[in-house]
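Single-letter residue listing:
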Amino acid sequence: MTQGFEQYHLTHLKISLIYLLNLRYKVLDAVKKLNNMLGFLQDMESLDELKALPMWKVHQMKGDRKGTWSLSVTRNWRLTFRYDPEENEIYDLDFEDYH
């Protein structure tokens, strides 16, 4: 093997490793955020408490998804759920990419 060939492959290997490490940290951040969201939802006493968390981009969906709430986990992924105010209960909880 030539030195140029080895250098080429080492460079690409380094780029691949950097990409994988970066991806790993993004996944870990998403898991941590999702875990925080689930804990908050479990502990909250009313849906009004979500208004205090603008960084989660909380909103109620429209159209055929009317009645479903959405929290932003990552750029494309959302934690979605429906809410029963009479029972003060969350149901149809999902982690989805609906964009």
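As a starting point, this report considers the structure included with it. Because the structure is a prediction, the values reported are computed rather than measured.

Attention shifts here to the nonpolar core. The tendency in soluble globular proteins is for nonpolar side chains to be buried side by side. Counting residues in hydrophobic clusters, the biggest one holds 15 residues, and the most contacted among them are L41, L47, L50, L71, L79 and F81. When residues of this core are traced back to their parent elements, those giving at least two are α1 (3-43), β2 (68-72) and β3 (78-84). Sorting elements by how many residues they give to this core places α1 first, with four residues. In this view, F81 contacts L41, L47, L50, G67, T68, W69, L71, I90, Y91, D92 and L93; residues no more than four positions away in its chain are not counted.

Note on placement: R24 falls in helix α1. R24 sits in the partly exposed class, given a relative accessible area of 48%. Remark: the alpha-carbon pair of R24 and E89, spanning 65 residues in sequence, is separated by 34 Å.

Moving on to the pattern of salt bridges. This model, assessed by the stated rule, comprises two salt bridges. The shortest N-O distance in the salt bridge between K51 and D48 comes to 3.5 Å. No difference in accessibility class separates K51 from D48, as the two residues are exposed. In this structure, E96 and R65 form a salt bridge, with 3.0 Å as the shortest nitrogen-oxygen distance. Here E96 is found in strand β4 (residues 89-96), whereas its partner R65 is found in the loop between β1 (59-60) and β2, with 31 residues between them in sequence. Owing to a relative accessible area of 15%, E96 belongs among the buried residues under this scheme.

With that settled, the discussion passes to the sheet that holds β2. The four strands are arranged β1-β2-β3-β4 in an open sheet whose pairing can be described as antiparallel. The sheet is open, and its two borders are formed by β1 and β4, each paired with just one other strand.

Another aspect to go through is a nonpolar patch on the surface. Together, L10, L13, L17, Y19, L20, L23, V27 and V31 make up a nonpolar patch on the protein surface, roughly 760 Å² of accessible area in all. Within the fold, L20 resides in helix α1. For L20, a relative accessible area of 49% translates into the label partly exposed.

Each aromatic ring pair is summarised here by two numbers: the centre-to-centre distance and the angle between the ring planes. This structure, assessed with the given rule, holds two aromatic pairs. Aromatic side chains F40 and W56 sit 5.6 Å apart centroid to centroid with 85° between the ring planes, which places their arrangement in the edge-to-face category. Taken together, the residues span a long stretch of sequence, with F40 in helix α1 and W56 in the loop between α1 and β1 at a distance of 16 residues. Given the relative accessible area of 8%, W56 is considered buried.

Analysis parameters
- Residues numbered from 1 in each chain as written.
- Predicted model: local features only at pLDDT ≥ 70, side-chain atom pairs only at ≥ 80, totals over all residues.
- Heavy atoms only, no water.
- Core = buried A, V, L, I, M, F, W, Y, C linked by side-chain atoms within 4.5 Å.
- Buried < 20%, exposed > 50% of the residue type's maximum accessible area, 1.4 Å probe, protein only.
- Helix = DSSP H or I, 4+ residues; strand = E, 2+ residues; numbered from the N terminus.
- Contact = heavy atoms within 4.5 Å.
- Salt bridge = Lys/Arg side-chain N within 4 Å of Asp/Glu carboxyl O.
- Pairing = 2+ DSSP bridges.
- Patch = residues over 30% accessible without salt bridge, like charges linked within 9 Å, V, L, I, M, F, W, Y side chains within 5 Å.
- Areas by Shrake-Rupley, 256 points an atom, 1.4 Å probe, with all protein chains shown as cover.
- Phe/Tyr/Trp six-rings, centres within 6.5 Å; stacked < 30°, edge-to-face > 60°.

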